[in-house]
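Take a look at the letters that make up each chain.
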Amino acid sequence: MSYFDSLFFGLYPYVAGAVFLIGSWLRYDQAQYTWRAGSSQMLSKSGMQVASNLFHVGILVIFFGHLVGLLTPHWLYEPFMSPGTKQVMAILVGGIAGAACWYGAFLLFMRRKNNPRVRATGSTMDLVVIGILLVQVTLGLLTIIPTLGHLDGSNMLKLAEWAQSVVFFKGGAAAHLADVGFIFKLHILLGLTIFLLFPFTRLVHIWSVPVQYVNRQYQIVRARG
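Quick look at the environment of Gly17
Here comes step 1: Structurally, Gly17 can be placed in helix H1 (residues 3-30).
Here comes step 2: Along the chain, Gly17 and Phe195 lie 178 residues apart, while their C-alpha atoms are 6.7 Å from each other.

Structure representation (structure tokens):
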């Protein structure tokens, strides 16, 4: 295991995680007026609905797929499916969701870059964030290529062991990625960087999931005549 593996995959996850949690809390506490998604739909609706739906549905499937796939202990699903079966499922579901998310992110990126009204009311960081997410999804889709050569699930088990070692503070996390391909390491590194940048971008609106809308009371805007 190299020094860089220990630095980027042993120490960096905790630095990124600490900034993610503490930074989000500080921004919510100190700058609530900046805590918003900054939607630009009212400025230009052309193609917005398709792009936004593809991006958000795709990224939600990817997020929860990674969450369950990486943090579920092997012994829990072993009686029901082999690592190889789980790997094939991840490729199929992740590939479809990734393609949808990539196309939606690309449309949103081009819209924010080329639409004068949207560009004028947004910030450089808005464009950077969408660009980074687009690159990250691209890297995720590219990992499918080497994965097709390891359908026994061996790579998936290494990635899961690394993630569980980090999240559950087991120690020695970086050792699990020693033999993992470069494309996987780059994908993980950029993913950790997204967590690091999270509190300083519009991504903080993810924390504000509007679950209360499910059972909220109707609001009377004006009295009926």
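Here's the deal with the packing of H1 against helix H8 (residues 154-167)
Between two packed helices, both the angle of their axes relative to each other and the distance between the axes serve to describe the pair.
Here comes step 1: At a minimum axis separation of 10 Å, H1 and H8 run at an interaxial angle of 45°. With respect to H8, the element H1 is oriented oblique. Seen from above, H1 lies across H8 with right-handed handedness. Taken together, the residues of H8 that come into contact with H1 (itself represented by Phe9, Pro13 and Tyr14) are Trp162, Ser165 and Val166.
Here comes step 2: Along the lines of polarity and charge, the residues of the contact of H1 with H8 split into five nonpolar, one polar and no charged.

Regarding the confidence of the model for the protein
Here comes step 1: Chain-level statistics for the protein give a pLDDT mean of 87 and a share of 88% at 70 or above.
Here comes step 2: Element-level pLDDT for the protein is lowest in helix H5 (residues 116-121), with a mean of 76, against a maximum mean of 97 in helix H9 (residues 182-197).

Details of the packing of aromatic side chains
How two aromatic rings sit relative to each other is given by the distance of their centres and the angle of their planes.
Here comes step 1: Taken as a whole and judged by the stated rule, the model has nine aromatic pairs.
Here comes step 2: Summarising the aromatic geometry, the rings of Tyr14 and Phe169 are spaced 5.6 Å apart at their centres and angled 20° between planes, so their arrangement reads as stacked. Linking Tyr14 in helix H1 with Phe169 in the loop between H8 and H9, this pair joins segments that are 155 residues apart in sequence.
Here comes step 3: Through a chain of ring-to-ring contacts, the aromatic side chains of Phe20, Phe195, Phe198 and Trp207 assemble into a single cluster.

Rules behind the numbers
Residues numbered from 1 in each chain as written. Predicted model: local features only at pLDDT ≥ 70, side-chain atom pairs only at ≥ 80, totals over all residues. Heavy atoms only, no water. Helix = DSSP H or I, 4+ residues; strand = E, 2+ residues; numbered from the N terminus. Axes fitted to C-alpha atoms, helices over the stretch in contact; angles between N-to-C directions. Parallel < 35°, antiparallel > 145°, perpendicular 65-115°, else oblique. Left-handed = near helix turned anticlockwise from the far one by under 90°. Contact = heavy atoms within 4.5 Å. Nonpolar A, V, L, I, M, F, W, Y, C, P; charged D, E, K, R; others polar. pLDDT = per-residue confidence, 0-100. Phe/Tyr/Trp six-rings, centres within 6.5 Å; stacked < 30°, edge-to-face > 60°.

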